[in-house]
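Below, each chain spelled out in residue letters.
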Amino acid sequence: MAKEVVDAMAMQRALTRITYEIIERNRGISNLVLIGVKTRGVFLAHRIATRLHQLEDTVVPVGELDVSEYRDDVSVNIPVSKDAISNLTAPITDKKVVLVDDVLYTGRTIRAAMDAIMDLGRPNSINLAVLVDRGHRELPIRADFVGKNIPTAQNEHIRVSVEEVDQRDSVEIVTADEATK
Ligand SMILES: O=P(O)(O)OC[C@H]1O[C@H](OP(=O)(O)OP(=O)(O)O)[C@H](O)[C@@H]1O
Ligand SMILES: O=c1cc[nH]c(=O)[nH]1
């Protein structure tokens, strides 16, 4: 059975709060680049960029990162490469990078994401924004901006749905069995 823990309004509010926190933490948004982790992190990054544009009247670039082949727990461990990042035209050296993902769990995806970014150049800083932190980290990684902390059991799964691909915005806790359906 799925239990909704964040509805569409709450997701919008969380993304708006994260946007304000990004502006505050960076004392503005000059030199900022957002990098969304596929799949749903990319859509969340674009939503944050839209809010940044509305609030600061500045277009912040959004890169798209696909680390699915590069995580260290898949059977073939291919070294992460800068080619995993698309849509970015300007160099990221000296930029303040904010990585955006929907769920932070073991931290392995974010570790792979940081490898890909460091392969591209030397950013001034990398911060992490996630919609949900569900705990159970296996690496020393934490998020700087969190939409909602949702304590979970190992055998549960967080399912994030976004309008752009799932025709609705929500966060649900589902059983591991349901997650594979
Ligand atoms: O902290 P971790 O243990 O790495 O888990 C978090 C990652 O898992 C999910 O991606 P998934 O691999 O399911 O791909 P998807 O986003 O395309 O569904 C989620 O979107 C995060 O990227
Ligand atoms: O619960 C989880 C764990 C990893 N990735 C998800 O999307 N949900």
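The shown structure was predicted, so the numbers you read here are calculated from the model rather than taken from an experiment.

A look at the nonpolar core
Generally speaking, nonpolar side chains in soluble globular proteins are found buried as a group. By size, the foremost hydrophobic cluster in this structure holds 30 residues, and its most contacted members are L34, I48, L52, V98, L131, I158 and V171. Within the residue set of this core, elements represented by two or more residues are α1 (8–25), β2 (32–37), α2 (40–56), β5 (96–104), β6 (125–133), β8 (156–161) and β9 (170–175). The dominant element in this core, judged by the number of residues it contributes, is α1, at six residues. Contacts of L34, omitting those with residues within four sequence positions, involve A45, I48, A49, L52, V60, P61, V62, G63 and V98. Counting residues in hydrophobic clusters, the runner-up holds 21 residues, among them V37, I85, I92 and A113.

Some remarks on the site of ligand 2
Close to ligand 2 lie V103, Y105, R134, H157 and I158. In the environment of ligand 2, an oxygen atom lies 2.6 Å from a nitrogen or oxygen atom belonging to the side chain of R134. Within the contact set of ligand 2, an oxygen atom lies 2.8 Å away from a backbone nitrogen or oxygen of I158. Summarising the interface, the protein chains cover 75% of the accessible area of ligand 2, which totals 240 Å² for the free molecule. Looking at the shell around ligand 2, its residues break down into three nonpolar, one polar and one charged.

Notes on the environment of D169
Within the secondary structure layout, D169 lies in the loop between α4 (163–166) and β9. Sequence spacing of D169 and E138 is 31 residues, and the spatial spacing of their C-alpha atoms is 28 Å. Setting aside anything within four residues of it in sequence, one finds D169 in contact with D7, A8, M11, R47, S161, V162 and E163. One polar contact links D169 to R47, side chain to side chain, over a distance of 2.9 Å.

Things to note about the UniProt feature "short sequence motif: PRPP-binding" (unreviewed entry) in the protein
The UniProt record annotates "short sequence motif: PRPP-binding" (unreviewed entry) at residues 97–109. Between the end C-alpha atoms of residues 97–109 there is a gap of 16 Å, over a span that is 15% helix and 62% strand.

Regarding the sheet that holds β2
The strands making up a sheet are joined through hydrogen bonds of the backbone, oriented either antiparallel or parallel. With mixed pairing, six strands are arranged side by side in an open sheet as β4-β3-β2-β5-β6-β7. The open sheet has two edge strands, β4 (85–86) and β7 (145–149), and neither has a second partner. Bridge count for strand β3 (residues 62–65) against β4 is two bridges, and the pairing is antiparallel. Following the sheet pairing, L65 is matched in β4 by I85. Packed onto the sheet, α1 meets β2, β5, β6 and β7 and runs at close to 150° relative to β7.

A look at the pattern of salt bridges
For the structure shown, the criterion picks out 12 salt bridges. Close ionic contact of R108 with E138 constitutes a salt bridge, the shortest N to O distance being 2.8 Å. Linking R108 in helix α3 (residues 108–120) with E138 in the loop between β6 and β7, this pair joins segments that are 30 residues apart in sequence. Residue D133 is joined to R137 by a salt bridge in which the shortest nitrogen-to-oxygen separation is 2.8 Å. Each of the salt bridges in this network shares a partner with another, and the network as a whole consists of E4, R159, R168 and E172.

The rules behind the values
Residues numbered from 1 in each chain as written. Chains lettered and ligands numbered in written order. Predicted model: local features only at pLDDT ≥ 70, side-chain atom pairs only at ≥ 80, totals over all residues. Heavy atoms only, no water. Core = buried A, V, L, I, M, F, W, Y, C linked by side-chain atoms within 4.5 Å. Buried < 20%, exposed > 50% of the residue type's maximum accessible area, 1.4 Å probe, protein only. Helix = DSSP H or I, 4+ residues; strand = E, 2+ residues; numbered from the N terminus. Contact = heavy atoms within 4.5 Å. Near = heavy atom within 4 Å. Polar contact = N/O pair within 3.5 Å; in protein donor to acceptor, adjacent residues only side chain to side chain. Areas by Shrake-Rupley, 256 points an atom, 1.4 Å probe, with all protein chains shown as cover. Nonpolar A, V, L, I, M, F, W, Y, C, P; charged D, E, K, R; others polar. UniProt positions renumbered as here; feature names shortened; annotations may be inferred. Pairing = 2+ DSSP bridges. Axes fitted to C-alpha atoms, helices over the stretch in contact; angles between N-to-C directions. Salt bridge = Lys/Arg side-chain N within 4 Å of Asp/Glu carboxyl O.

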